[in-house]
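# Survey of secondary and tertiary structure
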There are 2 protein chains.
Amino acid sequence: MFERSTIRHCKQCGTAVSYRLPDDGDTRERAICPACHTIHYENPLNVVGTVPFWDDKVLLCKRNIEPRRGKWTLPAGFMELGETVAEGAARETHEESGAEIEMLDLFTIMNVVRVGQVHFFYRARLTSDRFDPGHETLEVRLFAEHEVPWDEIAFRTVRETLRCFFADRQRGRFELHQIDIA
Amino acid sequence: MFERSTIRHCKQCGTAVSYRLPDDGDTRERAICPACHTIHYENPLNVVGTVPFWDDKVLLCKRNIEPRRGKWTLPAGFMELGETVAEGAARETHEESGAEIEMLDLFTIMNVVRVGQVHFFYRARLTSDRFDPGHETLEVRLFAEHEVPWDEIAFRTVRETLRCFFADRQRGRFELHQIDIA
């Protein structure tokens, strides 16, 4: 079974946990506290971002943080409590690029089972071509399709989303793409 | 800020954590371990399920667990590590109803920000009208639209999804619905 990280201690009382089947009929082993009986669940995380575009160009950010420092990515990050998927995508876009955008449709949903993540990208129309990169970003730049540094893209979900974007743009119709990343 | 549950102790070493801004430029307070410096993140959870249908009827499960024991729901539950959104939806359907289904399109995506969840429902064609409820389910039954116990539906996202399903069915075309639950 997939494990993101091993839970060693109870988040409620600090006692060392053991992994076993809960008594409630659950069929998966969970980290359970022998002292206060808290069951600790680990679940997939949502990564949310946008494809910001300006005429025929898309905005990419050069990463200033690991992993893949120096590689190019669409603005995206972990969805936080207290926001919707779209709000998270807009927040990440603002934080990483400083871009002003108009949020459009949900464009890709990608399961990355190997790392326990689901990635969501929205199309977003840039309303200005002035940017203000945050501390996670070395540089923000607009790329036409033939200018995209395909071998320098940080993540497979970003590459797939860019491919879908330019293909849909070519045929003049955007639709939602659902992709499972092996 | 939304908090699902307070983290009191470090999951790595058991030391009592304190909530503060991490030193990495993060703008949200996190539970941080003063001993081993582990940062503990809390993020939204995905709930995944289906709208199983048989001719003009939909399958509902009478809940045998809290919350809302005795109320009716579509089969759904928390997405687990090691599966895609659709695989989780199929698994929950099998576990709660024992129904045999053919998975169809993603039908609703609903943000329930108040509880830090995103709910996903797929349409699923029943390939048999024999069921086998799991331990979480008191009873499984098929309901035509006029038979649905609207006041006895367990969750708002289930009610919204059923409303969308019968409305789309009426007009003869199903599409993806994205809804924010206040």
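Remember, predicted model here, so these are calculated numbers, not experimental data.

Cut-offs applied
The residue numbering used here restarts from 1 in each chain and proceeds along that chain's sequence as written. Think of it this way: whatever chain is written first is A, whatever ligand is written first is 1, and the rest follow in order. Local features in this predicted model are restricted to residues whose pLDDT is 70 or higher, and side-chain atom pairs enter the listing and the counts only when it is 80 or higher, whereas totals over whole chains, interfaces and linings include all residues. Calculated side-chain values reflect all of the structure's heavy atoms, with hydrogen atoms and water omitted. A contact between two residues is defined here by any heavy atoms of the two lying within 4.5 Å. The buried area of a pairing is the accessible area, by a 1.4 Å probe, that goes missing from both parts when the two are put together, added over both. The working definition used for a salt bridge is a side-chain nitrogen of Lys or Arg within 4 Å of a carboxyl oxygen of Asp or Glu. Definition of a polar contact: a pair of N or O atoms within 3.5 Å, with one able to donate and the other able to accept a hydrogen when the atoms are protein atoms, and with sequence-neighbouring residues admitted only if both atoms are side-chain atoms. By definition, any uninterrupted DSSP run of H or I lasting at least four residues is a helix, any uninterrupted run of E lasting at least two residues is a strand, and each is numbered from the N terminus. When residues are sorted by character, Ala, Val, Leu, Ile, Met, Phe, Trp, Tyr, Cys and Pro go into the nonpolar class, Asp, Glu, Lys and Arg into the charged class, and all the rest, Gly among them, into the polar class. Here a strand pair is declared whenever DSSP counts at least two bridges between the two strands. Least-squares superposition of the copies uses the C-alpha atoms of those residues scoring a pLDDT of at least 70 in each of them.

Our next topic: the interface of chain B and chain A. With 45 residues of chain B at the interface, the matching set in chain A holds 45 residues. Together, the buried faces of chain B and chain A total about 3600 Å²; carbon and sulfur atoms form 54% of this surface. Our count for the chain B to chain A interface comes out at three salt bridges. Its salt-bridge partner being B:Glu80, residue A:Arg30 comes within 2.5 Å of it at the nearest N-O pair. On the surface where chain B and chain A come into contact, there are 19 residue pairs in polar contact (both at pLDDT 80 or more). Mapped onto the side of chain B that touches chain A, the elements with two or more residues apiece are strand 4 (45–54), helix 1 (85–97), strand 8 (101–112), strand 9 (117–126) and strand 11 (177–180) of chain B. Here the side of chain B that touches chain A is built from residues that sort into 17 nonpolar, 15 polar and 13 charged.

Residue and element names in this part refer to chain B. Strand order in the open sheet formed by three strands is 1-2-3, and the pairing between neighbours is antiparallel. Edge strands, defined here as strands with exactly one partner in the open sheet, are strand 1 (18–20) and strand 3 (39–40). With three bridges connecting them, strand 1 and strand 2 (residues 30–32) associate as antiparallel partners. Opposite Tyr 19, over in strand 2, you have Ala 31 as the bridge partner.

A few words on the relation of the copies chain B and chain A. Its rotation angle being 180°, the transformation that places chain B on chain A also includes 0.0 Å of axial translation and leaves an RMSD of 0.0 Å. In short, the pair behaves as if placed about a two-fold rotation axis. For chain B, the smallest separation between a C-alpha atom and the rotation axis is recorded for B:Gly14, amounting to 2.0 Å. When the interface residues of chain B are mapped onto chain A, 100% of them again lie at the interface, so the same face is used by both copies.

These figures come from the coordinates and say nothing about function on their own.
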